[in-house]
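Structure assessment
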Amino acid sequence: MNIHDILKRLPHRYPFLLVDRVDELVKGERIRAIKNVSINEPFFTGHFPHRPVMPGVLILEAMAQAATLLAIESMDIVLDEKSVVYFAGVDAARFKRPVEPGDQLVLDVTLGRGKAGIYKFAARGLVGDQVVAEAELMCTMRRLEG
């Protein structure tokens, strides 16, 4: 799945779209996506000017966007302007090492279970073969009224 396919599926746009490519997607099971981390990212201006580091919350957001792609592809649904996917929870988040400009962040997400419209995922972020972050994510899909 290239960037054009991702833009058709996710409502996020620059500077908040944090998935550049999907290398592997097995419906109902897992996704492996890529975020290319560039020095041109707007958050590096202030985080931190002397030693740029990708904020952990944005690593979690990138994993959640990959999880959203996995969920909507697994259920064969298309998000529209009245659909939204929200974070419902984050558990056991751990950050192992900083993600810096020039890194390629691999988003490895596995679908756990879905119940009552809430989906649980096991997510890891990797740079090379090193785990840089991991978390259990919960997301929910809702229809907007009005």
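The following paragraphs examine the structure supplied in this document. This structure is a prediction, so every number in the text was calculated from the model and none was measured.

1. Some details on helix H2 (residues 56-74)
- For H2, which comprises 19 residues, the first-to-last C-alpha distance of 27 Å matches the rise-based estimate of 27 Å (1.5 Å per residue) to within 8%.
- Within H2, 16 of the 19 residues are buried, which leaves it mostly tucked inside the rest of the structure.
- In the segment just after H2, Asp 76 is the residue with positive phi, at about 55 degrees.

2. Section: the pairing of strand S1 (residues 21-26)
- Note that S1 and strand S2 (residues 30-36) share 5 bridges and pair antiparallel. The residue of S2 that forms the bridge with Glu 24 is Arg 32.
- What sits between the antiparallel neighbours S1 and S2 is a turn of 3 residues, in which Gly 28 has the positive phi angle 75 degrees.

3. Looking at the side chain of Asp 103
- Topologically, Asp 103 is positioned in the loop between strand S3 (83-95) and strand S4 (104-115).
- A distance of 2.8 Å separates a polar atom in the side chain of Asp 103 from the backbone nitrogen of Glu 100.
- Sequence-distant contacts of Asp 103, that is, excluding residues within four places in its chain, are made with Lys 35, Asn 36, Val 37, Arg 97, Pro 98 and Val 127.

4. Thoughts on the nonpolar core
- Ranked by internal contacts, the top residues of the largest apolar core, which has 39 residues, are Met 54, Met 63, Leu 105 and Phe 121.
- A total of 12 residues in this core trace back to one element, the largest contributor, which is H2.
- Aside from chain neighbours lying at most four places away, what touches Phe 121 is Ala 67, Leu 70, Ala 71, Val 109, Thr 110, Leu 111, Gly 112, Ala 135, Glu 136, Leu 137 and Cys 139.

5. Structural notes on the side chain of Glu 61
- Inspection of the secondary structure assignment puts Glu 61 in helix H2.
- At 11 Å, Arg 13 is the nearest oppositely charged side chain to Glu 61, a buried residue that forms no salt bridge.

6. Let's talk about the sheet that holds S3
- Read from one edge to the other, the open sheet built from 6 strands follows the order S1-S2-S4-S5-S6-S3, with strand pairing classed as antiparallel. The open sheet has two free edges, formed respectively by S1 and S3, since each of these has just one partner strand. Averaged over all adjacent pairs, the angle separating strand axes in this sheet is 25 degrees, with direction ignored.
- Where S3 lies against strand S6 (residues 130-143), 10 bridges are found, and the strand directions are antiparallel. Opposite Ser 83, over in S6, you have Arg 143 as the bridge partner.

7. Thoughts on the pairing of S4
- In this structure, S2 lies alongside S4, joined through 7 bridges in antiparallel fashion. Bridge assignment links Ala 33 to a residue of S4, and that residue is Leu 107.
- Bridge count between S4 and strand S5 (residues 118-127): 10 bridges; the pairing is antiparallel. From the neighbouring strand, Val 109 faces S5, where its bridge partner is Ala 123.
- Following S4, the chain reverses through 2 residues before pairing antiparallel with S5; Ala 116 in that reversal takes a positive phi of roughly 55 degrees.

8. With respect to the pattern of salt bridges
- The full count for this structure, using the stated rule, is 11 salt bridges.
- For Glu 41, the salt bridge goes to Lys 35, with nearest N and O atoms at 2.7 Å. One exposure class covers both Glu 41 and Lys 35, and it is buried.
- The partner of Asp 103 in a salt bridge is Arg 97, and the shortest N-O contact between them spans 3.7 Å.
- By relative accessible area, which is 15% here, Asp 103 ends up buried.

Reading the values: rules and limits
- Residues numbered from 1 in each chain as written.
- Predicted model: local features only at pLDDT ≥ 70, side-chain atom pairs only at ≥ 80, totals over all residues.
- Heavy atoms only, no water.
- Helix = DSSP H or I, 4+ residues; strand = E, 2+ residues; numbered from the N terminus.
- Expected span 1.5 Å × (residues − 1).
- Buried < 20%, exposed > 50% of the residue type's maximum accessible area, 1.4 Å probe, protein only.
- Pairing = 2+ DSSP bridges.
- Polar contact = N/O pair within 3.5 Å; in protein donor to acceptor, adjacent residues only side chain to side chain.
- Contact = heavy atoms within 4.5 Å.
- Core = buried A, V, L, I, M, F, W, Y, C linked by side-chain atoms within 4.5 Å.
- Lys, Arg positive; Asp, Glu negative; His and termini not counted.
- Salt bridge = Lys/Arg side-chain N within 4 Å of Asp/Glu carboxyl O.
- Axes fitted to C-alpha atoms, helices over the stretch in contact; angles between N-to-C directions.

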